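# Observations on chain architecture
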Amino acid sequence: MVIRMADEETEAGVLPSTELIEAMTRYNEQLVKAGVMLSGEGLMASDRGARVRFDGTGRTTVLDGPFTEAKELVAGFSVLRADSLEEVIEWVKKWPVEDGHGNARIEIRQVVGPDDFGDAVTDENRTYTVDLSGR
Amino acid sequence: MRFMVMIKADERTEAGVLPTEEELTAMGRYNEELVKAGVLLAGEGLHSSAKGARVVFSDGVPSVIDGPFAEAKELVAGFWLLDVKSKEEAIEWVKRVPCTEGVEVTIEIRQVHEVDDFGEAFTPELRAKDQELREKEEQLRLAVRDDR
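In this report, we go over the structure that sits alongside the text. (Residues numbered from 1 in each chain as written. Chains lettered and ligands numbered in written order. Predicted model: local features only at pLDDT ≥ 70, side-chain atom pairs only at ≥ 80, totals over all residues.)

### What about the sheet that holds strand E4 (residues 60–64) of chain A?
Worth spelling out the cut-off: What makes two strands pair is DSSP finding at least two bridges between them. Each helix is a run of H or I in the DSSP string that is no shorter than four residues. Each strand is a run of E no shorter than two, and both are numbered from the N terminus. Axis geometry follows a simple rule: fit a line to the C-alpha atoms, using only the stretch in contact for helices, then measure angles between N-to-C directions, giving values from 0 to 180 degrees. Two residues form a contact once the distance between their C-beta atoms, set from the backbone, is within 7 Å.
The strand order across the open sheet built from six strands is E4(A)-E3(A)-E6(B)-E1(B)-E5(B)-E2(B), with neighbouring strands paired in antiparallel fashion. Looking at the sheet topology across the chains shown, the edges are occupied by E4 of chain A together with strand E2 (40–45) of chain B. Looking at each pair of strands side by side, their axes are set apart by 15° on average, direction ignored. Across five bridges, strand E3 (residues 50–54) of chain A lies against E4(A) in antiparallel orientation. By the bridge assignment for E4(A), A:Ala50 is matched with A:Asp64. Helix H3 (residues 87–95) of chain B rests against E3 and E4 of chain A together with strand E1 (2–8), strand E5 (76–83) and strand E6 (105–111) of chain B of the sheet, and its axis sits at about 155° to E6(B).

In structure tokens:
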């Protein structure tokens, strides 16, 4: 999972220019042509979002956005399929410089696969755990 | 409306502790409910940030930083992509996420952009290309699912 981290502009709700959309489209097209890109979405600023906190005793608290720490928030994501972290890093290094005025911050995280759960996957729970992933 | 629902990481997920059979079964049942209600578009769990990296650009020049990353509670441990009618409906679904007793969990809900949000900057040509790429991505997802 490739996460475009938020910044002051994304959190201010600044929308991309045609030039930036073009650059991202060209980049995504390369990823799709290489058979690497499975999905990708952009998120609205956190002022349109919320957080639900579970306190560990079954109680929940709802907090409306916006949230502080813009640079730790998610502004968009893609799911890529690659043979190694290094391959993903090489793709991400080609991220369009138009994005974030050449100062974008991208986090790469490995997605859990069906074989990673070990013995926790049983014949009973397989159909609605493992088989639901990768949708 | 689509919402991305992210479970935030904590010390346990960042330590690479995988769910128990009980937790996995509870989460699977919850996911099954989402599917039956027709609201689940996608969902994935993430490995700890120790297996990840960051690429930080500075004036167009990338630097690579290997994980793990500090501030566990700001990291993402997993996500669902939901298709619902309102933020309130997303919140109601999130309140029902099975959480282990004694474990504090924060789940963030964020609205996903739709093509119409971008106005005229998203030209008809770019919209057509976006649609074409999304269709190809779906074919790739189906191929990956078949591989499993």
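### Describing the nonpolar core
Threshold: What makes a nonpolar core is a set of buried Ala, Val, Leu, Ile, Met, Phe, Trp, Tyr and Cys residues, with links drawn between C-beta atoms within 7 Å. Backbone-placed C-beta atoms define the burial measure: a residue is buried with 20 or more other C-beta atoms within 10 Å of its own, exposed with 12 or fewer, and partly exposed in between.
Among the nonpolar cores identified, the biggest contains 57 residues, and A:Val74, A:Ile106, B:Val5, B:Val76 and B:Ala90 are the most heavily contacted of them. Beyond its immediate sequence surroundings of up to four residues, B:Ala90 is in contact with B:Phe3, B:Val5, B:Leu82, B:Val84 and B:Ile109.

### Describing the sheet that holds strand E6 (residues 105–108) of chain A
Sheet strands pair via backbone hydrogen bonds, and the direction of the pair is either parallel or antiparallel. Pairing is antiparallel across the open sheet formed by six strands, whose spatial order is E2(A)-E5(A)-E1(A)-E6(A)-E3(B)-E4(B). Lying at the two open borders of the sheet, with one neighbouring strand each, are strand E2 (37–42) of chain A together with strand E4 (61–66) of chain B. Each adjacent strand pair in this sheet contributes to an overall mean axis angle of 20°, direction not counted. As defined by bridge partners, strand E1 (residues 2–5) of chain A adjoins E6(A) across three bridges and the pair is classed as antiparallel. Note that in E6(A) the partner of A:Ile3 across the bridge is A:Glu107.

### Digging into helix H2 (residues 21–36) of chain B
Residues and elements named next belong to chain B. Our working definition: Here the expected span of a helix is defined as 1.5 Å times the quantity of residues minus one. By construction, the arc corresponds to the directions joining the helix axis to the C-beta atoms.
Across its 16 residues, H2 extends 22 Å between first and last C-alpha, which sits within 8% of the 22 Å expected from 1.5 Å per residue. Listing the buried residues of H2 in full gives Leu24, Met27, Gly28, Asn31 and Leu34. When H2 is viewed along its axis, its buried side chains cluster within an angular range of 115° and face the same direction. Residues of H2 that are exposed and angled more than 90 degrees away from the buried face: Glu22 and Lys36. Positioned one or two residues after H2, glycine 38 has a phi angle of 75°, which is positive.

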